Amino acid sequence: MTETDKTKKQLIIFLLVTYGVTCLMGILIWYGSTISAEMGVFPIAQMHYPAAGVMLAYLLTRWEDSLMPRWFYLFFIILTIGQIALSVLSIVMPGQMMTVNGMEISAWGMISQYVIIGVSILCWFFLLAAGKKRRGAYGLSWKCWKASVLCICLFVGLYFGRAALSCAISGQMGMLIDILTSPVSYSYMLLMPINFFLAFVPFFGEEYGWRYYFQPILQKRFGMRRGVLILGVVWGLWHIFLDFFYYTTPDRGLAMTGGQMITCVFLGIFFAWAYMKTGNIWVPVILHFINNNMAPVMAGNYSMDVLENQQITWAMIPEALLINGIVFGFFLLSKEFRKKEVTEE
């Protein structure tokens, strides 16, 4: 098999896993919404699919490569299958709701959380055991310390700047100040670095697929800027079943999808910029973790279902487009996006 044939086969496998499995599970998400099932496991499972698609593609086309971190890949794929099984079980065998630290969570949701913690620890072990050469050969190494830390700090600043701009427009600055000065918020944010090491796997699952694998392919085909914009669109559409049947109700699904597209396109611009600037996949993984885990802080709601049944309307879309465009859109003008071609990592 030629390298061109291998590349095409890898892309087909990636798309079949990333989108094919998502569509199949989307049917269960729809069904779960009709019976009012607790579906918190589904979005967590879905976050694993992009990386699992890349890993399966490489295992099936590059098995002979001695530099491939095979055990880490195999373990991650088994983990993904396990998360799919938990999702299915949460529909066919609904568990009892329980209260943990004041938060309502289903038995399956609790199991999923413990699984994520356990496998995150094991994933660190497999990554370390793979060795520096294998990690480097497959984009798993930490690199460019200074630039990486600067990108993370910049994102934190922009995140709060975006929140402040949104609250200023809506006249809710007092609410933002109350949230950010709350001891609960500070405690939560101080624990986030520790929580990252115990729950990084789903965020790695998305970013290793989207930024490490698919972004360079789209940029080579469509150009540095258009490739990232297209990635933002397809990343946004990938959430469509969750948009209609989990994040909100079906009558608000189109508005949620519109908001999701804006979020994915503009966050995708910054994530892409950070990845191109550092060549360090762990930077967008950390950025994705920060973005998702700050949602409870900004909402002032620390329940497990903070992202579920959101009340989004079309009237919110123009403001979201304006604010995200101001905060993240101008990174398209940076020198990283003016390069003629993708740099191989």
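Residues numbered from 1 in each chain as written. Predicted model: local features only at pLDDT ≥ 70, side-chain atom pairs only at ≥ 80, totals over all residues. Heavy atoms only, no water.

A. Looking closely at the overall build of the protein. In terms of regular secondary structure, the protein is built from 16 helices and two strands. In summary, the protein has a C-alpha radius of gyration of 20 Å against a globular reference of 20 Å for 345 residues, a match within 12%. Across its three principal axes, the protein shows a C-alpha extent of roughly 55 × 50 × 35 Å. For the protein, the proportion of its 345 residues judged to be buried stands at 49%. For the protein, the exposed area adds up to about 16300 Å²; of that, 69% sits on carbon and sulfur atoms. Separation between the mean location of the 23 positive side-chain charges and that of the 18 negative ones in the protein comes to 14 Å. (Helix = DSSP H or I, 4+ residues; strand = E, 2+ residues; numbered from the N terminus. Rg over C-alpha atoms; globule rule 2.2 N^0.38 Å. Buried < 20%, exposed > 50% of the residue type's maximum accessible area, 1.4 Å probe, protein only. Areas by Shrake-Rupley, 256 points an atom, 1.4 Å probe, with all protein chains shown as cover. Lys, Arg positive; Asp, Glu negative; His and termini not counted. Charge placed at Lys NZ, Arg CZ, Asp CG, Glu CD.)

B. A look at the packing of helix α10 (residues 201-222) against helix α11 (residues 224-237). Relative orientation of the contacting elements α10 and α11 amounts to 135°, with a least axis distance of 8 Å. It follows that α10 is oblique to α11 by the angle criterion. The crossing of α10 and α11 is right-handed. Contact with α10, carried on its side by E206, E207, W210, R211, F214, Q215, L218, Q219 and F222, involves M224, R226, G227, V228, I230, L231, V234 and W235 of α11 and no other residues of that element. Partitioned by chemical class, the residues of the contact of α10 with α11 number ten nonpolar, three polar and four charged. (Axes fitted to C-alpha atoms, helices over the stretch in contact; angles between N-to-C directions. Parallel < 35°, antiparallel > 145°, perpendicular 65-115°, else oblique. Left-handed = near helix turned anticlockwise from the far one by under 90°. Contact = heavy atoms within 4.5 Å. Nonpolar A, V, L, I, M, F, W, Y, C, P; charged D, E, K, R; others polar.)

C. Quick look at the state of the cysteines. Applying the stated criterion to the full structure yields zero disulfides. With no disulfide of its own, C144 has C151 as its nearest cysteine by sulfur position, at a separation of 9.3 Å. The partly exposed category is assigned to C144, whose relative accessible area is 39%. (Disulfide = S-S within 2.5 Å.)

D. Main features of the confidence of the model for the protein. With 93% of its residues at a pLDDT of at least 70, the protein reaches an overall mean of 91. Here strand β1 (residues 97-100) stands out as the element of the protein with the lowest mean pLDDT, 54, in contrast to helix α3 (residues 49-61), whose mean of 98 is the highest. (pLDDT = per-residue confidence, 0-100.)

E. Structural view of the nonpolar core. By size, the foremost hydrophobic cluster in this structure holds 93 residues, and its most contacted members are M55, Y73, F155, F204, Y208 and F270. With 15 residues, helix α13 (residues 253-278) is the single largest residue contributor to this core. Leaving out residues up to four positions away in the same chain, Y73 has contacts with M55, Y58, L59, M68, Y138 and Y208. (Core = buried A, V, L, I, M, F, W, Y, C linked by side-chain atoms within 4.5 Å.)

F. Spatial organisation of α10. Its 22 residues give α10 an end-to-end C-alpha distance of 30 Å, which sits within 8% of 32 Å, the value for a rise of 1.5 Å per residue. When the local axis directions of α10 are compared, the greatest deviation, roughly 45°, occurs at F214, which is followed within four positions by the proline P216. Among the 22 residues in α10, 18 count as buried, and that is most of the element. Backbone geometry just after α10 places G223 at a positive phi near 105°. (Expected span 1.5 Å × (residues − 1). Bend = angle between axes of the 7 residues up to and from the residue.)

G. Seen up close, the environment of T18. Positionally, T18 belongs in helix α1 (residues 3-34). T18 sits in the buried class, given a relative accessible area of 0%. Linking T18 and Q46, residues 28 residues apart in sequence, is a C-alpha distance of 8.4 Å. In contact with T18, other than residues within four places in its own chain, are Y49, P50, W210 and W238.

H. Structural view of a nonpolar patch on the surface. On the surface, Y114, I117, I121, L191, I194 and L198 cluster together to form a nonpolar patch covering roughly 560 Å² of accessible area. Counting only elements with at least two residues in the nonpolar patch, the list comes to α5 (107-130) and α9 (183-199). Residue placement: I121 occurs in helix α5. Taking the relative accessible area as the measure of exposure, I121 reaches 47% and is therefore partly exposed. (Patch = residues over 30% accessible without salt bridge, like charges linked within 9 Å, V, L, I, M, F, W, Y side chains within 5 Å. Salt bridge = Lys/Arg side-chain N within 4 Å of Asp/Glu carboxyl O.)

I. Broad picture of a positive patch on the surface. Positive charge collects at one region of the surface, where R225, K335, R338 and K339 lie side by side. Secondary-structure assignment places R225 in helix α11. Looking at R225, the relative accessible area reads 34%, which means it is partly exposed.

J. Spatial organisation of the environment of F244. Structurally, F244 can be placed in helix α12 (residues 240-245). In sequence terms F244 and I117 are 127 residues apart; their C-alpha atoms lie 29 Å from each other. Not counting the four nearest positions on each side in its chain, F244 is found in contact with T249, P250, G253, L254 and T257.

K. How the structure looks around the environment of A255. One can find A255 in helix α13. Each C-alpha atom, one on A255 and one on F244, is 9.2 Å from the other, the two residues being eleven residues apart in sequence. Residues within four places of A255 in sequence aside, it is in contact with I312, T313, W314 and I317.

L. Spatial organisation of the packing of helix α7 (residues 145-170) against helix α8 (residues 173-180). Their axes nearest at 8 Å, the elements α7 and α8 cross at an angle of 145°. Contacts from F160, A163, A164, C167 and A168 in α7 reach M173, L176 and L180 in α8. Taken together, the residues of the contact of α7 with α8 break down into eight nonpolar, no polar and no charged.

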